[in-house]
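Observations on the three-dimensional arrangement
Below, each chain spelled out in residue letters.
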Amino acid sequence: MIYRFSLQSFLTKAFAAFLACIVFGYFIDNIMLALSMAFFIVLIWNYRQLIKLIDWLWHKNLLYPPESEGVWGHVYDGIYRRIKAYRKKQKKLNSQALQFRDGAEALPDAVIVLNKFYAINWANKKASRLLGIRWPADSGLRINNLVRSPKLSKYLKKANFSQACKILSPYSDDVELELRFMPYGKDQFLLMVRDVSQSSRLESMRRDFVANVSHELKTPLTVMRGYIELINDDENLPPHWQFSMSEINQQVDRMDRLVKQLLVLSKVEVAGIDDIENKVDMPMLIDGVVSDLSLILKKKKHKLKLNVNQDFGLYGLESEIKSACSNLLVNAINYTDDGGEITLSWFEQRGNWTLSVQDNGCGISVLDLPRLTERFYRVDKSRSRDTGGTGLGLSIVKHVANHHNARLHIDSELGKGSCFSIYFRSQDVYSIKDGKNKEA
């Protein structure tokens, strides 16, 4: 078999055969007849090789092609080498596919490969236990046709897979499943399904505990506040007791703020996705927050600058957005020295809409930045106690941002101030003017 084709050798042989035909035709005194006979012989030989090739491709289940000389030897050799390379590649792909399946079967979660129409291409055994999907029996069927859940159908219709979808198991209402869709390969999705019943129950117990304890603390705090006010009304109260009652009153106020923050945080954590479809008039909301905190601003003689776009609002939950805006502004007030500057903005920036609060206060160390949104974390504990800080404000802001598909960004330098920004998606913003025109 020939393994290398040489154009020069082929042309040399062809020219030699043509020259031999000319010489033979010269001897028989008929060059055209000699050329015709040579052409006829070459034609018959080529057709014979074609028939052998067709027979090998269609009728014989053999890896090795027929033997031949000349150009057809090169053709057979080329086909054989292509088939060999293809089989080698196919073997490698099969090995990789087998490794993927073995790895997927070893995972504690259900793994399902879907095409761009959410039809099943492959599923591991755990998919049968969690969702009842059998492979290959259910191959080609859409996932939402097998798993009947209005929540899943709505989730697929939105096609926003940045957050997981949680549904109840088709077999038991006590089992909660978390579904995560991830782009995989070309026009495919990798669906990971996990049983999160235990973690959800623990999280629910934690939230219920915080909410219940917060509610229970409100009553004794109210009673304590009443007795403190009653004692303070006594004009004959000794000075040292007046000072003690003042300290107790401050601690009761601080405890009351902590209880309120815990209640807000518990509500934000359990908020549903459907709650963020209401229209929030951002300019009006910001005016309301500034008005509520105007007395504190005047007391500390802060200079507040407003950079608010009056034409656009936000789809979301007004109480949560107001809580986030209020917490950011209160933080800026508390951590900015008297007479400082604070800028509250609502504007478009690089395709996103930004709600930001910037100050020229004490700033935050680089070491403290990653932990700012943790519950009860406070950079300066002594100053937080003086200002009544609870360490929950930024945690609430972070949950509000996540709930509204937004992102909290903190930019700060020690001694030079801070800027807290919430970046909202452009599709979550609406034109206030358009809404007023429609109402008119």
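All values derive from a computational prediction rather than experimental measurement. (Residues numbered from 1 in each chain as written. Predicted model: local features only at pLDDT ≥ 70, side-chain atom pairs only at ≥ 80, totals over all residues. Heavy atoms only, no water.)

1. Looking at the overall build of the protein
Assigned secondary structure in the protein consists of 14 helices and 13 strands. Taking 22 Å as the expected radius of gyration for a compact globule of 440 residues, we find that the protein reaches 39 Å, considerably beyond that expectation. Expressed along its principal axes, the backbone C-alpha trace of the protein runs to roughly 150 × 55 × 50 Å. Out of the 440 residues belonging to the protein, those deemed buried represent 35%. Long-range contacts, defined as pairs at least 24 residues apart, comprise 60% of the intrachain contacts of the protein with a sequence gap of at least 6. Entry remark: accessible area of the protein is about 28,100 Å², with carbon and sulfur atoms responsible for 56%. (Helix = DSSP H or I, 4+ residues; strand = E, 2+ residues; numbered from the N terminus. Rg over C-alpha atoms; globule rule 2.2 N^0.38 Å. Buried < 20%, exposed > 50% of the residue type's maximum accessible area, 1.4 Å probe, protein only. Contact = heavy atoms within 4.5 Å. Areas by Shrake-Rupley, 256 points an atom, 1.4 Å probe, with all protein chains shown as cover.)

2. Concerning the pattern of salt bridges
What the rule picks out here adds up to 6 salt bridges. A salt bridge links Glu178 to Arg180; the nearest nitrogen and oxygen atoms lie 3.6 Å apart. On the basis of relative accessible area, Glu178 is assigned to the buried category, the value being 15%. On the basis of relative accessible area, Arg180 is assigned to the partly exposed category, the value being 39%. For Asp428, the salt bridge is made with Arg425, and the minimal N-O distance between the two is 3.0 Å. A relative accessible area of 12% places Asp428 in the buried class. (Salt bridge = Lys/Arg side-chain N within 4 Å of Asp/Glu carboxyl O.)

3. Quick word on the sheet that holds strand 13 (residues 429–431)
Taken together, 3 strands build an open sheet; the order of strands is 6-8-13 and the sheet is antiparallel. Strands at the two margins of the open sheet, each flanked by one partner only, are strand 6 (279–280) and strand 13. Sheet topology places strand 6 next to strand 8 (residues 312–315); 2 bridges connect them, and they run antiparallel. Each bridged residue has a counterpart across the sheet, and for Val280 the counterpart in strand 8 is Leu314. The strands that helix 9 (residues 282–292) touches are strand 6 and strand 8; relative to strand 8, the one it contacts most, it runs at about 90°. (Pairing = 2+ DSSP bridges. Axes fitted to C-alpha atoms, helices over the stretch in contact; angles between N-to-C directions.)

4. Description of the nonpolar core
Counting 41 residues, the largest nonpolar core has Ile286, Leu329, Leu344, Trp346, Leu355, Ile422 and Phe424 as its most contacted members. Elements supplying a minimum of two residues to this core: helix 8 (239–269), helix 9, helix 11 (318–334), strand 9 (341–349), strand 10 (352–359), helix 13 (393–403), strand 11 (407–413) and strand 12 (417–424). When residues in this core are grouped by element, the largest group, 7 residues, is from helix 11. One finds Leu130, Ile143, Ile167 and Phe189 within the second-largest nonpolar core, a separate group that totals 24 residues. (Core = buried A, V, L, I, M, F, W, Y, C linked by side-chain atoms within 4.5 Å.)

5. As for the packing of helix 9 against helix 11
One can describe the packing of helix 9 onto helix 11 by two numbers: an axis separation of 10 Å at closest approach and a directional angle of 45°. Taken as axis vectors, helix 9 and helix 11 run oblique relative to one another. With respect to the hand of their crossing, helix 9 and helix 11 are arranged in right-handed fashion. Note on element contacts: helix 11 touches helix 9 through Glu318, Ile321, Lys322, Cys325, Ser326 and Leu329, opposite Met282, Leu285, Ile286, Val289, Val290 and Asp292. Its residues assigned to classes, the contact of helix 9 with helix 11 comprises 8 nonpolar, 1 polar and 3 charged. (Parallel < 35°, antiparallel > 145°, perpendicular 65-115°, else oblique. Left-handed = near helix turned anticlockwise from the far one by under 90°. Nonpolar A, V, L, I, M, F, W, Y, C, P; charged D, E, K, R; others polar.)

6. Observations regarding the sheet that holds strand 10
Within the open sheet, the 5 strands sit side by side as 7-9-10-12-11. Their pairing is mixed. This sheet does not close on itself; its edge strands, each paired only once, are strand 7 (303–308) and strand 11. Each adjacent strand pair in this sheet contributes to an overall mean axis angle of 10°, direction not counted. Sheet topology note: the strand 9/strand 10 ladder contains 8 bridges and is antiparallel. Each bridged residue has a counterpart across the sheet, and for Phe347 the counterpart in strand 10 is Thr354. The strands touched by helix 13 are strand 11 and strand 12; relative to strand 11, the strand with the most contacts, the crossing angle is about 140°.

7. A short note on a nonpolar patch on the surface
Taken together, the side chains of Phe15, Leu19, Val23, Phe24, Tyr26, Phe27, Ile28, Ile31, Leu33 and Met37 present a nonpolar region at the surface, about 1,000 Å² in accessible area. Of all the secondary structure elements, the ones that give two or more residues to the nonpolar patch are helix 1 (7–27) and helix 2 (31–58). Examining the composition of the nonpolar patch, we find that 6 residues originate from one element, helix 1, more than from any other. With respect to the helices, strands and loops of the structure, Ile28 is situated in the loop between helix 1 and helix 2. (Patch = residues over 30% accessible without salt bridge, like charges linked within 9 Å, V, L, I, M, F, W, Y side chains within 5 Å.)

8. Re the packing of helix 11 against helix 13
Contact pair helix 11 / helix 13: the axes reach a minimum separation of 9 Å and the direction vectors enclose 145°. The element helix 11 and its partner helix 13 pack so that their crossing is left-handed. Residues Glu320, Ile321, Ser323, Ala324, Asn327, Leu328 and Asn331 of helix 11 form the contact with helix 13, whose participating residues are Gly393, Leu394, Ile396, Val397, Val400 and His403. Residue composition of the contact of helix 11 with helix 13, grouped by class: 7 nonpolar, 5 polar and 1 charged.

9. Side note on helix 13
In terms of residue burial, helix 13 counts as a mostly covered element, since 8 of its 11 residues are buried. Backbone geometry just downstream of helix 13 places Asn405 in the positive-phi region, at approximately 55°.

10. Notes on the state of the cysteines
Inspection of the entire model under this criterion finds 0 disulfides. No disulfide involves Cys325; its nearest neighbouring cysteine sulfur is the one of Cys419, lying 13 Å away. When its relative accessible area of 0% is taken as the criterion, Cys325 is described as buried. (Disulfide = S-S within 2.5 Å.)

11. Thoughts on the packing of aromatic side chains
Inspection of every chain in the model, using the stated rule, returns 13 aromatic pairs. In textbook terms, an aromatic cluster arises when at least three aromatic residues are bridged by ring pairs, as seen for Tyr118, Tyr155, Phe161, Phe181 and Phe189. When the ring centre of Tyr430 is taken as origin, the NZ or CZ atom of Lys279, which lies over that ring, is 5.0 Å away. (Phe/Tyr/Trp six-rings, centres within 6.5 Å; stacked < 30°, edge-to-face > 60°. Lys NZ or Arg CZ within 6 Å of the ring centre and 35° of its normal.)

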